[in-house]
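Overview (structure and organization)
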Amino acid sequence: MKRVLPFILCLILLCGCADDGKGQFAEFVKIVSTAENISFSAHVAAQYDEKTAEFTLAYEQTKDGASISVVEPELLSGIKANLSGESLSLEYDGAMLDIGTLDDAELSPMSALPLIVRAMREGHLEISWIEADMLAARVIPADDYVVTLWIDSNLTPCSAEISYKENTVVSVEISDWVVS
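Going along each chain's sequence as written, the residues are numbered from 1 onward. Predicted model: local features are reported for residues with pLDDT of at least 70 only, side-chain atom pairs are reported and counted for 80 or more only, and whole-chain, interface and lining totals are derived from all residues. Side-chain measures were taken over the full set of non-hydrogen atoms in the model, leaving aside hydrogen atoms and water.

**Side note on the nonpolar core**
As used here, the term nonpolar core means buried Ala, Val, Leu, Ile, Met, Phe, Trp, Tyr and Cys residues forming a set that is joined through side-chain atoms within 4.5 Å. Buried residues are those whose accessible area, probed at 1.4 Å on protein chains only, stays under 20% of the maximum for their type, while exposed residues exceed 50% and partly exposed ones sit between those limits. By size, the foremost hydrophobic cluster in this structure holds 40 residues, and its most contacted members are F40, L113, I116, L149 and V172. Where helices and strands are cited, they refer to DSSP runs of H or I of at least four residues and of E of at least two residues respectively, numbered from the N terminus. Among the elements that line this core, the one with the most residues is helix 3 (residues 109-122), at 8 residues.

Quick look at the structure:
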């Protein structure tokens, strides 16, 4: 019995020390939530029924709102979506078109980035874990949506996936992350 007790205590301590990443994720949320400005580039792959559409987008958020600009494909370069509150509009060459609210619109590559940032700032953390030296977190930002984030040791997001009703519909590779 004397030998079993220390073994059981060690097991309990080891299980209690397992790093699930919750503390790191809370620190990441604090940084993103208090940032006045967020900007990053994103390679976005959107999965449609029979094809995948790929884009490179630039995201910029200030206290006044956010904008998402198409960088590639070159044919669409210059198209910009502006987000102010829940209102989303498209802009190209000075002309603007109001396209409704995010609540009314279905997910698109342009609306995927604001959804990811909303998940980072105010989503409900479902689970977090450490995977290949990265913090992984599954966050629920809205009904039927789940955003899975991979964040490096510097608390910089590297990639994300958006699932809708348990099907992955958008994959995002994040680069040039800046918060201030």
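Now that the structure has been shown, the text picks up again.
**Quick word on the confidence of the model for the protein chain**
A residue's pLDDT is simply how confident the predictor is in it, with values from 0 to 100. The pLDDT averaged across the protein chain works out to 83; a share of 78% of its residues lies at or above 70. Segment residues 4-17: pLDDT under 50, and 0 contacts once partners within four positions in sequence are set aside and those in other chains are kept. Confidence over residues 97-105 falls short of pLDDT 50; this stretch has 18 contacts with residues more than four positions distant or in other chains. Should any heavy atoms of two residues lie within 4.5 Å, those residues are counted as being in contact.

**Observations concerning the packing of aromatic side chains**
Pairing of aromatic rings covers Phe, Tyr and Trp, the last counted by its six-membered ring, and requires centre-to-centre distances within 6.5 Å; plane angles under 30 degrees mean stacked, over 60 mean edge-to-face, and any other angle means tilted. Tallied over the full model, the rule gives 5 aromatic pairs. Ring geometry for F40 versus W177: centroids 5.4 Å apart, planes at 35°, classification tilted. Within this pair, whereas F40 is found in strand 1 (residues 38-47), its partner W177 is found in strand 11 (residues 167-179), the two being separated by 137 residues in sequence. Accessibility assignment for this pair places F40 and W177 in one class, buried. Taking the centre distance of 4.9 Å and the plane angle of 45° together, the rings of Y145 and Y164 count as tilted. Taken as a pair, Y145 in strand 9 (residues 145-151) and Y164 in strand 10 (residues 157-164) lie far apart in primary sequence, 19 residues in all. Y145 gets classed as buried once you look at its relative accessible area, which sits at 16%. Y164 sits in the partly exposed class, given a relative accessible area of 32%. Linked through ring pairs, F25, F28, F40, Y59 and W177 together constitute an aromatic cluster.

**Quick look at the side chain of Q61**
Among the secondary structure elements, Q61 is positioned in strand 2 (residues 52-62). Whenever a nitrogen or oxygen atom comes within 3.5 Å of another N or O atom, the pair is scored as a polar contact, on the condition that within protein one atom can donate a hydrogen and the other can accept it, and that pairs from neighbouring residues in sequence are kept only if both atoms are in side chains. For Q61, the side chain forms a polar contact with the side chain of Y59, separated by 2.3 Å. Residues within four places of Q61 in sequence aside, it is in contact with E36, N37, I38, A66, V117 and R121.

**Focus: helix 3**
What a helix should span is 1.5 Å times the count of its residues minus one. With 14 residues, helix 3 should reach 20 Å at 1.5 Å per residue; the first-to-last C-alpha distance of 20 Å fits that figure. Taken across its 14 residues, helix 3 has 11 buried, putting it largely inside the fold. Buried within helix 3 are the following residues: P109, M110, S111, A112, L113, P114, L115, I116, V117, A119 and M120.

**Description of the environment of D176**
When you line up the elements, D176 lands in strand 11. Using a relative accessible area of 56% as the deciding quantity, one classes D176 as exposed. Taking C-alpha positions, D176 is 9.5 Å from A58, a pair spaced 118 residues apart along the chain. Sequence-distant contacts of D176, defined by excluding residues within four places in its chain, comprise S39, F40 and S41. Looking at D176, its side chain comes within polar contact range of the side chain of S41, at 3.2 Å.

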